[in-house]
Amino acid sequence: MNLFLILFGKIFIFLSNLVNLGSGSTWPGHVALGINRNFLKDAVVKRKFKIIFVAGTNGKTTTGKFLQTILEANGSRVFQNNSGANLINGIASSIIKNYNILGKLNYDFAVFEIDENNLPIILETISPDFIVCLNLFRDQLDRYGEVNTISEKWRNAFLKLPKKTKLILNADDPKIAYLGENVKNETLYFGVKTIKKNAPEHASDSIYCSKCSANLEYKSIAFSHLGDWICPKCGLKRPLLDINFFSFCPLPGLYNKYNLHAAVLTSKSLGISNEQIIRALKSFHPAFGRQEIVEYKNKKIQIFLSKNPASFNQSLNAVNELKAKHIFLVLNDRIPDGRDVSWIWDVDFENNLKNFKKISVAGDRVYDMALRLKYAGISDFITYEALSDATTKETALLASSDILYILPTYSAMLDLRKILIGKKIL
Amino acid sequence: MKNNQSSIVNRQYSLTIGWLYPGLMSTYGDRGNIIVLTKRCEWRGIKAEVLNLNQDFDSKLLNDLDIIFMGGAQDLQQKIVSSDFSKEKIKLLREKVENGIPGLYVCGAYQFLGKYYKEANRSKIKGLGILDLFTENPGEGKKRLIGNIAIKNSDGNVIVGFENHGGRTYLGERLKPFGHVMEGFGNNGIDKTEGAIYKNSIGTYLHGPILPKNPEIADFLIEKALVRKYKKKIKLEKLDDSLSKKAKETILRKIVS
């Protein structure tokens, strides 16, 4: 039965690529699961490869890319689901795509990025060897619901995990760290070295104790609600860190340190040495839209996907670190972006826009972003209704030694790539 | 870079804006409403001070407020706030609402002003009982009411926003709705009412946040506050709201098409 579904799926993917339909990353899995509900279970239950799940609001794709780079450089064969195809049908599709003609999955590792809402559902079907949990930030409340609801669902699912699943958890995120409390699984914790800072930033999400609801206290904070926390009431505190520093990071930005530490900790737990990891990371290329550098009409553009308050603040920090002069913000409100754009009012534009010489805005909701800037005290910016027009004009005006830093939401990033390199993803 | 609105130095007027539970009740970009109120005062040379009233705040501080704002929250946070609302605080807040202190209560805060919230599992959470309304969650199987929304208020102004709520709110007979639904769900998805307005207090499900794209509501709150405080007729100076207008038109085009 499954052999037939795999064959059918492969033909579908082939045809879909041929006519550029673009639905090859979810439909074959959708159909296969429709015909055989146990398709996925059957495919992985007697597997010869290890499965790693990567979950969290921000950083899934970059962490997956770190893992893939390290594992492949050390001689392992790795396959992944397509970025964004992170529901159950996307995972089934990636399995169909990677079966060989003999109906075998000839790999050592599968690295799957998993949607926040779907993690508990997928865990009912697949028991992975590792679950890497990065963070939970407010993101698309219209689609995902609230952070507390998601973390409770995760916790309930984790309490039912088989013992062999290892957990790699962000100790600096109180809700993620709490997932390791009272589970029977081996659990390793990552974090970063934090500097002293008094209060959490605005729009921090989990500053309440998961155990007793008291207000958490922080000895130091990395950003948002991530840091060295302790509950003054029940004493629950950040678990001891298995890693807080690594000597080489191929990407700027504090948020990438978290992604890197998650990948390094997982790799080390698989027996890969520091030297092997560093050697692998020297050849790292960023995932699409994540600090990716694109050449367009002989000008340099760098894209920083910015999809929620935490990721937007971190992108602004990173471009400030890079001494950016010229930034371009693109806000869309389609399904993958979240239809509610209220979140831009939680981004700290007030303190992060001082150093730029030129600011432009575009996107489906350009005037919402323009209003946000106006109320942040910025008057000197350009608005564009059409993205292609904006891209042409902004790059034409750019000095050849300068870089245009673009901060788009998800669908805006795909549209941008289409304009810049002719295709949305790869 | 500087403000595009030159501020007239006129320290004749000052207002205190109270933000109830900014740490606990601030989920949907709510602080945008505070930013808009503050800036629109500043641009007119009115001194605006924001008083953050967090858990365990001294109830007497409620007496210092000229405008009250309270936003939405996650369930856990709402329970913490509920236990922080002492009898003394409830009594004082009711007094403020009855005395016409202008206020904006969004989503969770709006529900909270009512008599009760009946959860999906049928258990009732008591509200503050300041407004004659109640809210019921119809149960797990029923959809949340989510999407862009446009309403018309009693002055005939079109107000836009984004709603996202599981609870259905029903108004008592004599309580006036804030507006009538043109597109979207509103209080309960059935009777076409949205929000409630009582004296100078507005309760609404509209996020977005509501004030940036609907500055006329911000100005309503500011003007009422000044008139109450200085006991004379005050007409607010007009501001350039062309960006707000364009942002509002974007939403209207979206939901009409």
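Residues numbered from 1 in each chain as written. Chains lettered and ligands numbered in written order. Predicted model: local features only at pLDDT ≥ 70, side-chain atom pairs only at ≥ 80, totals over all residues. Heavy atoms only, no water.

A. Main features of the sheet that holds strand β4 (residues 130-133) of chain A. Residue and element names in this part refer to chain A. One open sheet accounts for six strands, arranged β2-β3-β1-β4-β5-β6; its pairing is parallel. Every other strand in the sheet has two partners, leaving β2 (78-80) and β6 (187-190) as the edge strands with one partner each. Geometrically, the sheet is characterised by an average inter-axis angle of 20 degrees between neighbouring strands, direction not taken into account. Of the strands in this sheet, β1 (50-55), β2 and β3 (109-114) touch helix α4 (residues 60-73), which is tilted by about 175 degrees from β3. (Pairing = 2+ DSSP bridges. Helix = DSSP H or I, 4+ residues; strand = E, 2+ residues; numbered from the N terminus. Axes fitted to C-alpha atoms, helices over the stretch in contact; angles between N-to-C directions. Contact = heavy atoms within 4.5 Å.)

B. Structural detail: the confidence of the model for chain B. Mean pLDDT over chain B stands at 91; residues scoring 70 or higher make up 94%. Predicted complex metrics record ipTM = 0.93 and pTM = 0.85. (pLDDT = per-residue confidence, 0-100.)

C. Just the sheet that holds strand β3 (residues 67-70) of chain B, in detail. Residues and elements named next belong to chain B. Reading across from one edge, β2-β1-β3-β4-β14-β13 is the order of the six strands in this open sheet, with mixed pairing throughout. Unpaired on one side and paired on the other, β2 (47-53) and β13 (196-198) mark the two borders of the sheet. Averaged over neighbouring strand pairs, the angle between their axes works out to 15 degrees when direction is ignored. As paired strands, strand β4 (residues 103-106) and strand β14 (residues 201-204) are joined by four bridges and run parallel to one another. Following the sheet pairing, Leu104 is matched in β14 by Ile202. Relative to the sheet, helix α6 (residues 215-230) contacts β1 (14-20), β3, β4, β13 and β14, its axis offset from that of β1 by approximately 120 degrees.

D. Inspection of the nonpolar core at higher detail. Grouped together as the largest cluster of nonpolar side chains are 112 residues, with contacts concentrated most on Ile327 and Phe349 of chain A together with Met70 of chain B. Sort the elements by how many residues they give to this core and helix α14 (residues 366-375) of chain A lands first, with seven residues. Counting contributing residues, this core receives three or more from each of domain 1 (2-281) and domain 2 (290-421) of chain A. If sequence neighbours within four positions are ignored, Met70 of chain B has contacts with Leu20, Tyr21, Met25, Val81, Phe85, Leu104, Tyr105, Val106, Ala109 and Phe112 of chain B. Membership of the second largest hydrophobic core comes to 43 residues, among which are Val44, Ile95, Leu123 and Ala157 of chain A. (Core = buried A, V, L, I, M, F, W, Y, C linked by side-chain atoms within 4.5 Å. Buried < 20%, exposed > 50% of the residue type's maximum accessible area, 1.4 Å probe, protein only. Domains from an automatic or database assignment.)

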